[in-house]
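Summary of the model geometry
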Amino acid sequence: QNNIFQREIGRMCSASTGNCYRVVDSVDPEVSISMVHRQLFTGEDENPETEVILIPPSESDKFDSSDTRFWSVAHRRITTGYASVVLCLPFVMGPIPLVEAETRQRSPYQVLTIGLGGGTLDMFWASMQRSMNITVVELDEAVVKVAERWFGVREVSTQVREYGNERRTIIGDGVEYVKKEKQRGVLYDVIVIDACDVDARRPCPVGKFLTEEMMGALSSITTHEGIAIFNVLPEGKFSEENNDIVNEVKT
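Report follows, based on the coordinates. Counting of residues starts from 1 at the beginning of each chain's written sequence and follows it residue by residue. Residues qualify for local features only when their pLDDT is at least 70, as the model is predicted, and side-chain atom pairs are given and counted only at 80 or more; totals for whole chains, interfaces and linings, by contrast, use all residues. Side-chain numbers come from the whole structure's heavy atoms, not from hydrogens or water.

This part takes up the pairing of strand β1 (residues 5–13). When DSSP finds at least two bridges between two strands, those strands are taken to pair. The helix count covers DSSP runs of H or I at least four residues long, the strand count covers runs of E at least two residues long, and both are numbered beginning at the N terminus. In this structure, β1 lies alongside strand β2 (residues 20–27), joined through eight bridges in antiparallel fashion. Paired with M12 across the strands is Y21, a residue of β2.

Here it is in structure tokens:
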């Protein structure tokens, strides 16, 4: 298809949401027969939710001569502009310095992500040699299973010299989780709202994250220098309509 070779390697449907997820490996032979992309699709949607690059077991392994189901994921290689921007924001606009001037004495930076997908954001951050405590809340257990099976998502707990990284997934409702964290008085340096649904006008973010009550809860669990990042996906037919949708979220 368009000179790109592809094969579906996995499919799973959710008992709770009814959504079905497809995992597809593909390669563009005009670029490299060994640079394999893995993408996550919801239903028969042609636009992937997540895309990662795979690492072949050896230099001789190619898409057409090796079983890519057993290739590992290159968590430090980012393929989409959206992921690149979000990954940079905590360091260029938020509380986490791009370079530590000296050995830190404070506790780890606290990061909360609502919505897992293929784990691109949190697994990239977890792979960095920084002290970050990352919590991911995902509503759909099927998404968690797909991410762990095909996208290399895993629990992380490392302690090396002056830094330590932790990453965990919690299956549950992101709205209820934020409310509970507010009650507990927990503070986060970085919050990412990457939750989407089937809304035809604005799939992302889910509307219940934009209520006045929710905005207050998110504000209450964000540190003074912290930031909250929202993934906004407008589906208008014209640019003016998309601008209106984005402005509604901003307001």
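Moving on from the coordinates now.
With that settled, the discussion passes to the packing of aromatic side chains. Classification of ring pairs uses Phe, Tyr and Trp, with its six-membered ring standing for Trp, and accepts pairs whose centres are within 6.5 Å; under 30 degrees between planes counts as stacked, over 60 as edge-to-face, and the remaining range as tilted. Tallied over the full model, the rule gives zero aromatic pairs. The ring centre of F63 lies 4.0 Å from the NZ or CZ of R7, which sits over that ring. Throughout this description, the term charge over a ring refers to an Arg CZ or Lys NZ atom that lies within 6 Å of the ring centre and within 35 degrees of the ring normal. Lying over the aromatic face of W150, R149 brings its terminal NZ or CZ to 3.8 Å of the ring centre.

In terms of nonpolar packing, the biggest core is built from 42 residues, with W125 and F151 touching the most fellow members. The element that contributes the greatest number of residues to this core is helix α3 (residues 141–150), accounting for six residues. When sequence neighbours within four positions are dropped, the list of residues in contact with F151 reads V23, R38, Q39, L40, T50, V52, V73, H75, G118 and V146. As used in this record, nonpolar core signifies buried Ala, Val, Leu, Ile, Met, Phe, Trp, Tyr and Cys residues forming a set joined through side-chain atoms within 4.5 Å. Each residue is assigned to one of three classes by its accessible area relative to the maximum for its type, calculated with a 1.4 Å probe on protein chains only: buried under 20%, partly exposed between the two thresholds, exposed over 50%. Grouped together as the second largest cluster of nonpolar side chains are 17 residues, I193, M214, L218 and I221 included. Between two residues, a contact is recorded if the distance between any of their heavy atoms is within 4.5 Å.

Note on disulfides: each one is a pair of cysteine sulfur atoms within 2.5 Å. Applying the stated rule across the entire model yields two disulfides. Disulfide partner of C13: C20, at an S-S distance of 2.0 Å. Negative torsions about the S-S bond denote left-handed disulfides, and the value of about 105 degrees found for C13 with C20 makes this one right-handed. Residue classification places C20 among the partly exposed positions, given a relative accessible area of 25%. Across the disulfide, C196 is cross-linked to C204 (sulfur-sulfur distance 1.9 Å). Looking along the S-S bond of the C196-C204 disulfide, the torsion reads about 110 degrees, which is the right-handed sense. The cystine pairing of the protein, numbering bonded cysteines in sequence order, is 1-2, 3-4.

We now examine the pairing of strand β3 (residues 36–42). A large share of β3 lies buried, amounting to five of its seven residues. By the bridge criterion, four bridges tie β3 to strand β4 (residues 50–55) in an arrangement that is antiparallel. Across the sheet, residue Q39 finds its bridge partner in β4, namely E51.

This next bit is on the side chain of T222. Relative to the assigned elements, T222 resides in strand β11 (residues 222–230). There is a polar contact of 2.6 Å between the side chain of T222 and the backbone oxygen of L218. T222 has contacts with L187, Y188, I191 and I227, leaving out every residue within four places of it along the chain. Polar contact is the term for a pair of N or O atoms within 3.5 Å; when the atoms are in protein, one must be able to donate a hydrogen and the other to accept it, and sequence-neighboring residues count only if both atoms are side-chain atoms.

By themselves these figures say nothing about function.
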